[in-house]
Amino acid sequence: MSFASLGLIDPLVRTLAELQYTEPTPIQAQAIPLVLAGRDVMAAAQTGTGKTAGFALPLLQLLTMAGSTAPNSTRVLVLVPTRELAEQVHQSVCSYGASLPLRTMVAYGGVSINPQMMKLRKGVDILVATPGRLLDLYRQNAVKFDLLQTLVLDEADRMLDLGFARELDAVFAALPTQRQTLLFSATFSDPIRALAAKLLRDPASLEVSPRNTTVKAIRQWIVPVDKKRKPELFLYLLKKHRWTQVLAFVKTRKGVDALVELLQAAQIPSDAIHGDKPQPARQRALDRFKAGEVRILVATDVAARGLDIDALPVVVNFDLPIVAEDYVHRTGRTGRAGASGEAVSLVCADEVTQLAALELLTGQTLERIEEPGFAPEHRVPVTNTAGEVVKKPKKPKKPKGDVAVVSEDVRFRR
Ligand code: AMP
């Protein structure tokens, strides 16, 4: 199937050829004709499926074919949960629309609002924004929505997880009721369904991978380990598997910094992305990682949302996520655009409830592979896909001839 056969105009088709997108991904093949026809869409699609082009291409076309913007107005609003995703979506919009005479902009918090207000003066065709900053702009009369044709909610589940429900309601109240609405979400919990029921009109439902499952091409397993030995195990696995690049998830900001410190002490190029870091530092870390200057990028869930890294081979869950859906998001960072990937989780006994929850969500029991020398003293209880802890295992016998691969001097400082 070609992009032209989906009804896209020549300038877009040419741009896609330049980007070497040879054919539409499944979500694009389904979404593009529906969006062009003006339908509301509810799509279960995670990052890596090509969903951004799935909504951006037809919207760019609709904007080009009819109408123009006005001062302090936008015709399309794309709401996203994080600054990183805002940047990434905006970059995609810019590259897809490079040959079209449209104005786009991105707005998020943590940076000065004034340049954003200035830029909005002339009006834009597409505004990509995080909910909080958008509301600030709206309340300061920098943006109005009289001309709004389409609202896109990208990673809607994440927006709710991050506690944006109130901001979202305030934004919805400010939008015209006559509009097209597109809702993308990796997972569909009851609150997301309720949101969709409230916002969408006779939506077409699309699903590109089975509900709440992680991408099949990704090999996933867990390594049971005692909590205090996770840093050692991480270094051991790095060496054993010779991973070229790893995105590692850690529960807390302090934990992220501690792991980066440990890696740097071991001469492993690494950097951190978390909410305490200013936006330019986060962007720099991501750029360096993409350029291959940084081998290990350590992140919290919030900060990692929306990271688009081509061909990322490995995701390591140094800590399991508190919210089971985050496992799906984290795992989706690897194995993108058809490439295969690996996702390994270092799991200690304290995390068994989280393990059971994510296994229930994804409907699979993760394979356990113990590493010699790292068998935990506190065994991780057995779980099943019903989200139950099946039995409390017996304490293991003291392992003979324990092989400690990493010496004491690289101990993790928490
Ligand atoms: P997304 O799910 O929108 O974040 O896109 C995931 C990645 O796939 C991005 O790096 C896109 O540039 C890339 N991509 C999107 N659509 C296509 C396509 N039709 N062919 C090849 N790559 C694509």
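Thresholds applied
Residues numbered from 1 in each chain as written. Predicted model: local features only at pLDDT ≥ 70, side-chain atom pairs only at ≥ 80, totals over all residues. Heavy atoms only, no water. Near = heavy atom within 4 Å. Polar contact = N/O pair within 3.5 Å; in protein donor to acceptor, adjacent residues only side chain to side chain. Areas by Shrake-Rupley, 256 points an atom, 1.4 Å probe, with all protein chains shown as cover. Domains from an automatic or database assignment. Core = buried A, V, L, I, M, F, W, Y, C linked by side-chain atoms within 4.5 Å. Buried < 20%, exposed > 50% of the residue type's maximum accessible area, 1.4 Å probe, protein only. Helix = DSSP H or I, 4+ residues; strand = E, 2+ residues; numbered from the N terminus. Contact = heavy atoms within 4.5 Å. Pairing = 2+ DSSP bridges. Axes fitted to C-alpha atoms, helices over the stretch in contact; angles between N-to-C directions. Salt bridge = Lys/Arg side-chain N within 4 Å of Asp/Glu carboxyl O. Expected span 1.5 Å × (residues − 1).

Let's hear about the site of the ligand: which residues, and what values?
The full set close to the ligand counts 15 residues, and Tyr-21, Gln-28, Gly-48, Gly-50 and Thr-52 are the nearest of them. One nitrogen or oxygen atom from the side chain of Gln-28 is found 2.7 Å from a nitrogen atom belonging to the ligand. A distance of 2.8 Å separates an oxygen atom of the ligand from a polar backbone atom of Gly-50. Protein burial of the ligand: of its 500 Å² of free accessible surface, 83% is covered by the chains. Of the domains in this structure, domain 1 (4-207) and domain 2 (218-391) are the two that each give at least three residues to the shell around the ligand.

Describe the nonpolar core, with residues and values.
Phe-55, Leu-57 and Val-78 are the most contacted members of the largest nonpolar core, which has 40 residues in total. For this core, the element with the highest residue contribution is helix α3 (residues 51-65), accounting for seven residues. Leave out the neighbours within four places in its chain, and Phe-55 touches Val-78, Val-89, Val-152, Asp-154, Leu-182 and Phe-184. If you look at the next biggest cluster of nonpolar residues, it comprises 36 residues, including Ala-107, Ile-113, Ala-129 and Val-143.

Go over the sheet that holds strand β1 (residues 41-44) with me, naming the residues and quoting the values.
Read from one edge to the other, the open sheet built from seven strands follows the order β3-β4-β2-β5-β6-β1-β7, with strand pairing classed as parallel. Either end of the sheet is taken by a strand with one partner, and the two such strands are β3 (104-107) and β7 (204-207). With direction set aside, neighbouring strand axes in the sheet form an average angle of 15 degrees. As judged from the four bridges shared by β1 and β7, these two strands associate in the parallel manner. Considered in β7, the bridge of Met-42 is made with Ser-205. Running over the sheet, helix α4 (residues 83-96) touches β2 (74-79), β3 and β4 (124-129) and is turned about 175 degrees from β3.

Tell me about the pattern of salt bridges, residues and numbers included.
In total, this model carries 19 salt bridges according to the counting rule given. Its salt-bridge partner being Arg-133, residue Asp-136 comes within 4.0 Å of it at the nearest N-O pair. Taken together, the residues Asp-136 and Arg-133, both in helix α6 (residues 131-139) and three residues apart, mark about one turn of the helix. The salt bridge involving Asp-301 is made with Arg-330; its shortest N-O contact spans 2.7 Å.

Quick rundown of helix α10 (residues 230-241)? Include the residues and the values.
With 12 residues, α10 extends 16 Å from end C-alpha to end C-alpha; this agrees with the ideal 16 Å at 1.5 Å per step. Taken across its 12 residues, α10 has nine buried, putting it largely inside the fold. By the burial criterion, the buried members of α10 are Lys-230, Pro-231, Glu-232, Leu-233, Phe-234, Leu-235, Tyr-236, Leu-237 and Leu-238. Where the residues of α10 are buried, they touch β8 (218-224), β9 (246-249), α11 (253-265), β11 (296-299), β12 (314-317) and β13 (341-347). Directly beyond the C-terminal end of α10, a positive phi value near 50 degrees is found at Arg-242.

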